[in-house]
Amino acid sequence: MNFIYSKRNLVILLIIVGVILRFSYYNDGIWSDEWIAYFFSNPNVELSENYYQFSLHEGAPTFNLFINYFWHTIFGYNYQTTELLSIFSGIFFIILSLYFNSIN
């Protein structure tokens, strides 16, 4: 029982450290591939036009375009909100994977 308790504490500590590290790099700029996704997810341009231009110039899956487009429509169009989407989705999927790992 003590091993499980200490393992749980280690996982919680790693999650806390991971969240702190993710937020420590907030607002430090985004990478070039993220700029492309950011540029083509402008909610001031029709989604169909963004999709067409994204498909024409970018080889990445378009799922990211749709997520970013709707995210920017709700929370505003600036690169900081793009970073927040990345941070929150990363934290969410870490917690989700820990949940599914604990089911077995």
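Residues numbered from 1 in each chain as written. Predicted model: local features only at pLDDT ≥ 70, side-chain atom pairs only at ≥ 80, totals over all residues. Heavy atoms only, no water.

**Re the environment of I91**
Put simply, the test is: A run of DSSP states H or I qualifies as a helix once it reaches four residues; a run of E qualifies as a strand once it reaches two. Both are numbered from the N-terminal end. We call a residue buried when its accessible area falls under 20% of the maximum for its residue type, exposed when it is over 50%, and partly exposed in between, using a 1.4 Å probe and counting protein chains only. Note on contacts: a residue pair qualifies if any of its non-hydrogen atoms lie within 4.5 Å across the two residues.
Mapped onto the secondary structure, I91 falls in helix α5 (residues 79–103). We classify I91 as buried; its relative accessible area is 17%. Along the chain, I91 and I67 lie 24 residues apart, while their C-alpha atoms are 16 Å from each other. Discounting chain neighbours no more than four positions away, the residues touching I91 are V19, R22 and F23.

**Quick look at the packing of helix α3 (residues 47–57) against helix α4 (residues 63–75)**
Two quantities define a packed helix pair, namely the angle between the axes and the distance from one axis to the other. Selection rule: Here an angle of 0 to 180 degrees is reported between the N-to-C directions of two axes, which are lines fitted to C-alpha atoms, with helices fitted over the stretch in contact. Handedness of a helix crossing follows the sense of rotation of the near helix relative to the far helix, less than a right angle counterclockwise being left-handed and clockwise being right-handed. Three classes are used: nonpolar for Ala, Val, Leu, Ile, Met, Phe, Trp, Tyr, Cys and Pro, charged for Asp, Glu, Lys and Arg, and polar for all others, with Gly counted as polar.
It is the contact of α3 with α4, at a shortest axis distance of 11 Å, that shows an interaxial angle of 145°. Both α3 and α4 take part in a crossing whose hand is right-handed. Residues L47, N50, Y51 and F54 of α3 form the contact with α4, whose own contacting residues are L65, F66, Y69 and F70. Class assignment for the residues of the contact of α3 with α4 results in seven nonpolar, one polar and no charged.

**Some remarks on the confidence of the model for the protein chain**
It should be kept in mind that the predicted coordinates are not to be read in detail where pLDDT is low. This is how it is decided: Confidence per residue, as judged by the predictor, is encoded in pLDDT with a range of 0 to 100.
Confidence in the prediction of the protein chain, expressed as mean pLDDT, is 81, and 93% of residues score 70 or more. Of all secondary-structure elements in the protein chain, the lowest mean pLDDT belongs to helix α1 (residues 2–24), at 75, while α4 reaches the highest, 91.

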